[in-house]
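Here's the letter readout for the chains.
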Amino acid sequence: MFDWVTDPQIWIGFFTLVALEIVLGIDNIIFISILAGKLPPEQRDRARVLGLGAALITRLLLLLGLSWVVQLTEPLFAVFGHEISGRDLILLLGGLFLLGKSVTEIGHSMDGPVGKDGKKAAAASFAAVIVQIMVLDIVFSLDSVITAVGMVDELGVMIAAVVVAVLVMLFASGPISRFVDRHPSIKMLALAFLVLIGVVLIAEGFGQHIPKGYIYFAMAFSLVVELLNIRMRSKRPAPQEDATP
């Protein structure tokens, strides 16, 4: 009954899947962090927990409905000779939503915060943030579950790996969100990353597979460069005022 405990292949698959789930969840963490950053400080942690909790529930439901997930790859209709499946349709709509939302957030970041009624805006934005997080969770979770199905055969291993990965993301989301809030240039870089992810989702919806490893490498390189810039600016001496009369 518990032969799987001593099976090294099971454990290798489990830890590999956990690592991949965390990597695939980076864009989800960034999206949640940016949206939660628009809320008042006392609501941000609750929004992050609810957002990642929704991601966990969505992934578990998709795993429990594996037969439905497999059917999503079957063609529904064709556009210019290219067959579109349910998965492609979800990726297309999710990519368009993420692209539009990221571009809008970039525009708001450049224009600066605007708001007259603080309390009313905060209440409305909290509900809107949770809805937007749940919509994108479906897209990100679908990608994550398809990866899990392709790597591991045991449903229990998939569920355990997803739970562990989401718990790791939950603990990491707080420090990441605070770091993004403190550094506007990092936030802009993260939004640019989400624009890129949106384009990739749209491309995959049309059957053009783009290895995400290239995208994550480019993003990691850009992040390292920006961290070096932040460190350099922090060590730069403050300009001294001219004391001449």
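Note that the coordinates shown come from a computational prediction; the quantities given were computed from them, not determined experimentally.

Peer 1: Before we go on, may I ask you to explain a nonpolar patch on the surface in this structure?
Peer 2: On the surface, Leu76, Phe77, Val79, Phe80, Leu89, Leu93 and Leu96 cluster together into a nonpolar patch covering about 750 Å² of accessible area. For the nonpolar patch, the secondary structure elements donating two or more residues are strand 1 (75-79) and helix 5 (86-111). For Val79, the location among the structural elements is in strand 1. The exposure class assigned to Val79 is partly exposed, which follows from its relative accessible area of 32%.

Peer 1: I would appreciate a short explanation of the side chain of Ser177 in the present structure.
Peer 2: Following the sequence through the fold, Ser177 ends up in helix 7 (residues 155-182). A polar contact is formed between the side chain of Ser177 and the backbone oxygen of Ser173, at a distance of 2.7 Å. In contact with Ser177, other than residues within four places in its own chain, are Ser33 and Arg48.

Peer 1: Explain helix 8 (residues 184-205) to me, please; I cannot follow it from the model alone.
Peer 2: Two residues of an α-helix separated by three or four positions point the same way, owing to the 3.6 residues in each turn. End to end, helix 8 covers 32 Å across 22 residues, agreeing with the expected 32 Å (1.5 Å per residue, within 8%). One or two residues past the end of helix 8 sits Gly207, with phi positive at roughly 85 degrees.

Peer 1: How do you make sense of empty space enclosed by the protein when you look at a structure like this?
Peer 2: Empty space among the atoms becomes visible once a probe the size of a water molecule is rolled across them. For the structure on display, the rule yields one cavity of 30 Å³ or more. Approximately 40 Å³ is the volume found for the largest cavity. What lines the largest cavity is simply Phe31, Ile34, Leu35, Lys101, Ser102, Glu105, Leu191 and Leu194. Every element with two or more residues in the lining of the largest cavity is listed here: helix 2 (26-36), helix 5 and helix 8. Broken down by class, the residue content of the lining of the largest cavity amounts to five nonpolar, one polar and two charged.

Peer 1: What exactly am I supposed to notice about the nonpolar core here?
Peer 2: Where a protein is soluble and globular, its nonpolar side chains tend to be buried together. Leu98, Phe193, Leu194 and Ile197 are the most contacted members of the largest nonpolar core, which totals 45 residues. Mapped by element, the contributors of at least two residues to this core are helix 1 (8-24), helix 2, helix 3 (41-64), helix 5, helix 6 (118-151), helix 7, helix 8 and helix 9 (212-235). Ignoring anything within four residues of it in the chain, the contact list for Leu194 reads Asp27, Ile30, Phe31, Ile34, Leu98 and Ser102.

Peer 1: I would appreciate a short explanation of the pattern of salt bridges in the present structure.
Peer 2: Oppositely charged side chains can pair when the atoms bearing their charge come close. Within the structure shown, the criterion is met by one salt bridge. Here Asp45 makes a salt bridge to Arg48, at a shortest N to O gap of 1.9 Å. Of this pair, Asp45 and Arg48 both sit in helix 3, three residues apart, which is roughly one turn of the helix.

Peer 1: Explanation requested: the side chain of Thr58 in the structure shown.
Peer 2: Of note, Thr58 is situated in helix 3. Within the structure, the side chain of Thr58 is placed 2.7 Å from the backbone oxygen of Ala54, a separation counted as a polar contact. Once residues lying within four places of it in the same chain are set aside, the contact partners of Thr58 are Asp137, Ile138 and Ser141.

Peer 1: I would appreciate a short explanation of the layout of surface pockets in the present structure.
Peer 2: Space inside the second largest pocket adds up to approximately 330 Å³. Around the second largest pocket, the lining comprises 14 residues; the ones closest to its centre are Ile26, Ile30, Ile176, Met219 and Leu223. Elements with a contribution of two residues or more to the lining of the second largest pocket: helix 2, helix 7, helix 8 and helix 9. In terms of residue class, the lining of the second largest pocket is made up of 13 nonpolar, one polar and no charged.

Peer 1: Sorry, what's going on with helix 1 here?
Peer 2: Relative to the 24 Å expected for 17 residues at 1.5 Å per residue, helix 1 spans 24 Å between its end C-alpha atoms, a close match to the ideal helical length. Of the positions making up helix 1, those classed as buried are Ile10, Gly13, Phe14, Leu17, Val18, Glu21 and Leu24. End-on, the buried residues of helix 1 take up no more than an arc of 135 degrees, which puts them together on one face. In helix 1, the exposed residues that point more than 90 degrees away from the buried face are Pro8 and Phe15.

Peer 1: Before we go on, may I ask you to explain the packing of helix 2 against helix 8 in this structure?
Peer 2: A pair of packed helices is characterised by two quantities: the angle between their axes and the separation of those axes. Remark: helix 2 packs on helix 8, axes separated minimally by 10 Å, with the N-to-C direction vectors making an angle of 130 degrees. Accordingly, the angle class assigned to the pair helix 2 and helix 8 is oblique. Note that helix 2 runs across helix 8; the crossing there is left-handed. Touching Ile26, Asp27, Ile30, Phe31 and Ile34 of helix 2 are Lys187, Ala190, Leu191, Phe193, Leu194 and Ile197, all from helix 8.

The rules behind each value
Residues numbered from 1 in each chain as written. Predicted model: local features only at pLDDT ≥ 70, side-chain atom pairs only at ≥ 80, totals over all residues. Heavy atoms only, no water. Patch = residues over 30% accessible without salt bridge, like charges linked within 9 Å, V, L, I, M, F, W, Y side chains within 5 Å. Areas by Shrake-Rupley, 256 points an atom, 1.4 Å probe, with all protein chains shown as cover. Salt bridge = Lys/Arg side-chain N within 4 Å of Asp/Glu carboxyl O. Helix = DSSP H or I, 4+ residues; strand = E, 2+ residues; numbered from the N terminus. Buried < 20%, exposed > 50% of the residue type's maximum accessible area, 1.4 Å probe, protein only. Polar contact = N/O pair within 3.5 Å; in protein donor to acceptor, adjacent residues only side chain to side chain. Contact = heavy atoms within 4.5 Å. Expected span 1.5 Å × (residues − 1). 1 Å grid on protein atoms, 1.4 Å probe; cavity = no way out; pocket = protein on both sides within 12 Å on 5 of 7 lines; lining within 4 Å. Points joined across faces, edges and corners; volume = space filled by probe spheres on them. Nonpolar A, V, L, I, M, F, W, Y, C, P; charged D, E, K, R; others polar. Core = buried A, V, L, I, M, F, W, Y, C linked by side-chain atoms within 4.5 Å. Arc of directions from axis to C-beta. Axes fitted to C-alpha atoms, helices over the stretch in contact; angles between N-to-C directions. Parallel < 35°, antiparallel > 145°, perpendicular 65-115°, else oblique. Left-handed = near helix turned anticlockwise from the far one by under 90°.

Geometry only, nothing functional implied.
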